[in-house]
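Below, each chain spelled out in residue letters.
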Amino acid sequence: MSTVNLSLSNKLRELRISHGYTQKYLGNYLNITRQGYAHYEKGGRTPDNQTLLQLASLYALSIDELINNNFIPSMLHEDATYSTNDRVNPENSKTRNIVQPNNSNEKVLLENFRQLTPNSQLDVLEYVKYRVYKGQKQ
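Residues numbered from 1 in each chain as written. Predicted model: local features only at pLDDT ≥ 70, side-chain atom pairs only at ≥ 80, totals over all residues. Heavy atoms only, no water.

## Considerations on the pattern of salt bridges
The full count for this structure, using the stated rule, is two salt bridges. As a salt-bridge pair, glutamate 41 and arginine 16 come within 2.5 Å of each other at their nearest N and O atoms. Residue glutamate 41 is found in helix H3 (residues 34-42), and its partner arginine 16 is found in helix H1 (residues 8-18); the two are separated by 25 residues along the sequence. Taking relative accessible area as the criterion, arginine 16 reaches 11% and is therefore assigned buried. Notably, a salt bridge pairs lysine 129 with glutamate 126, separated by 3.7 Å at the nearest N-O pair. Here lysine 129 pairs with glutamate 126, and both are found in helix H8 (residues 118-137), just three residues apart, close to one helical turn. Classification of lysine 129 as exposed rests on a relative accessible area of 54%. (Salt bridge = Lys/Arg side-chain N within 4 Å of Asp/Glu carboxyl O. Helix = DSSP H or I, 4+ residues; strand = E, 2+ residues; numbered from the N terminus. Buried < 20%, exposed > 50% of the residue type's maximum accessible area, 1.4 Å probe, protein only.)

Given below as structure tokens:
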């Protein structure tokens, strides 16, 4: 798979396009104008910490993965599957930095999760952790 070393502005554009989002969608998601978001992709403005957190959450990346000039895939593979080992050691993964659902339920969950605000996403994550914990005790 070919990869490219990207600046933050180029990485934001690449991620947006690869996920099928518009600048308008990202502007709405971040509670800014489309033009405001476009400045991030053009390198005219740098997102603040809260915005970086929101973008990292949307793309299921760590902030470090988002802001570093590390390689990201230039092509997405439809048959990619997510493994926690891929996130721990991305060098072993063919689908580095990409989360793909394993089934239709995961796909619906991920699509809806990405539409939530960062605070709501944290609430959902806490609920899931609670359910996993309860399941382990039974």
